[in-house]
Amino acid sequence: MTDTIATPIIEPAPPRQRSPLWFAWQRFLSNKAAVAGGIVMSILILMAVFAPLITPVPPEAQLFLTQSLAFPSAEHWFGVDNLGRDFYTRIVYGARVSLSIGFIAAGFSVLIGIPLGALAGYFGGRTDWVIMRIIELFSVVPPLLAAMLLGTLLRGGYMSIVAIAALFGWVQVCLLVRAQVKAFREKEFVRAAQALGASPWYIIRRHLIPNSISPIIVGFVLAIPLAMMLEASLSFLGIGVPPPTATWGQMINEGINFMFYYWHLAVFPTAALAITVLATSLFGDGLRDALDPTLKGR
Amino acid sequence: MLGYILRRLVSVAFTFIAVSLIIFLMMHAVPGGPFDANDMPVSEAVRAKLMAQLGLDQPLYVQYLKYMWGVLHFDFGVPYQSPGESVLQLLSRAWVPSLVLGGLGVLIGAPLGILLGMAAALNRNSWIDYLASAVATIGLTIPVFVTSMLLILVFAVWLKWLPASGWPNPERWILPIIAYAAIPVATYARYTRSAMLDTMSRPFVTVLRAKGLSERRIVFQHVLRNSAIPLVTVFLPMFIGTATGSIFVEAMFRVPGLGAYFVSSIETRDYPLEMALMLMITFMYCIAYLLSDIVYALINPRIRVGGAE
């Protein structure tokens, strides 16, 4: 107060409107762990996309059978596995499976979660009751056990893992969207649209979903590490993506048998999976805190 | 209050029945069966006889009702993979290692997590706060089999301090218990910290300070009690995490517990065992769910009036 009086010329702040996204971006940048997670995640995505360019051999080619189980060297950075395959190549290709399943499953989770969340939030009453009971069913069935059953039902494979992860990933997106839509349903502009005769479908599409964009982004990003964990866990149990496709979960399971003598077969896939899941979660948590500070710490 | 409990009880019972039906249908929807030609090369007549003996030739709804009727009388059938005993006998044998290791993991992990979260909330932005955040993030995001593998690699392979397998003698319990404890420690560290920070920023704490109450009394008498509510609600997810984690912890440490049977019962299409295990887990979840709802209502009078919402 006294400062402004003491200064003779008051410079008016430039009449610049900062968008909420700008503030979110600033909050995100101030969170060092989240930025680090984002950088690591981008590197991993680039590695997965350009895998054929940065690896010397195809991941399933058993070109080094005579050097099976060789330790890391200048020629084979992460050594050679028990079937004579370059282990560095397999780890890089493992990122493809893990990340693509994470992103595709999160995409499907959002596609299921948005309409159901919007319906439950907008109409309330009986619609809401039915959708909430479905969510309650999902909350008492442990996801991993159900995924194991479903995994055998769908006979494993890439697409069935995506389907299972989406089936359990939509719940969080749905709850986030529902809460946001419920909060916006009573706002004046929605009332005005209703008074002008807009249909519920139009209001949800034009007003409520665009206003839910930050919970949708948060739901999407938080669904990625969950899907990756599910894939790794199922592959670890041998009911995920079948061999010879390189997946980290499966490599960890095989690594148990070799860990006392050929440590590289256990260390590298464990580290790769830990780093990827950790980076993605840190990035997602940071994004959530930045986009919606009220959700912090949930 | 009694009405509230009854309402929750009815809703939980419906959920349980719905889940049991879904699991039963899913189990039988998987193509193939326990006596497929490639698993068990017997003649057509023998297979038909076997199917009839186990009641697998009857329509699904009859099988379901028969099984559930048995469950009501604590008869879970006979496991196909070891027909010499009942499912109940097999479970009570395999139950011990899982219960001991998992139970100790939770009993050690939960208080440790609460203490860590408290220390973090009371010393904001100190090293212990960062430690608590790091532990919480790692424990909640990295899958259990990865933490188990890291533990084995460091303490068994590299330092050679502890054995890598986890049963039967107690020095073998240490690593699996740490692996089990990761989830409770992480869950409670994170939620205790945020709940306490949340409570300490409320106006009534300022009033207590102004009144001249010692910091110790404020924390132990007022803040802790008010922070307990969110901790009850995270019990259920923590429990689910620990119970499903047992499959992986037991696979990693070669513990002969319940975990291994989940995978083998699904792979060998052992319907009675599969159904019993799934029902048992769902039942425990329903109970944990119900208890956390009731305790939540008991310590938080505000939601009692609202009823089911």
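This text follows the structure it describes.
Parameters at a glance
Residues numbered from 1 in each chain as written. Chains lettered and ligands numbered in written order. Predicted model: local features only at pLDDT ≥ 70, side-chain atom pairs only at ≥ 80, totals over all residues. Heavy atoms only, no water. Helix = DSSP H or I, 4+ residues; strand = E, 2+ residues; numbered from the N terminus. Buried < 20%, exposed > 50% of the residue type's maximum accessible area, 1.4 Å probe, protein only. Polar contact = N/O pair within 3.5 Å; in protein donor to acceptor, adjacent residues only side chain to side chain. Contact = heavy atoms within 4.5 Å. Buried area = accessible area lost by both parts, 1.4 Å probe. Salt bridge = Lys/Arg side-chain N within 4 Å of Asp/Glu carboxyl O. Nonpolar A, V, L, I, M, F, W, Y, C, P; charged D, E, K, R; others polar.

This brings us to the side chain of S20 of chain B. Residue and element names in this part refer to chain B. Along the chain, S20 turns up in helix α1 (residues 2-29). By relative accessible area, which is 0% here, S20 ends up buried. In terms of polar contacts, S20 uses its side chain to reach the side chain of Y64, at 2.6 Å. Once residues within four sequence positions are removed from consideration, S20 is found in contact with Y64, M68, M275 and L279.

Quick look at the interface of chain A and chain B now. Taken together, the 39 residues of chain A in the interface contact 48 residues of chain B. Of the roughly 3800 Å² buried where chain A meets chain B, counting both sides, 81% is carbon and sulfur surface. If you look at where chain A meets chain B, you find one salt bridge. In this structure, the salt-bridge partner of D285 of chain A is R190 of chain B, at a minimum N-O distance of 3.9 Å. Viewed at the interface, chain B and chain A are joined by one residue pair in polar contact (both at pLDDT 80 or more). Of all the elements in the fold, those that place two or more residues in the side of chain A that touches chain B are α6 (125-140), α7 (143-153), α11 (213-237), α12 (248-258) and α13 (264-291) of chain A. Top element by residues in the side of chain A that touches chain B is α13 of chain A. It accounts for 10 residues. Per-class residue counts for the side of chain A that touches chain B are 27 nonpolar, eight polar and four charged.

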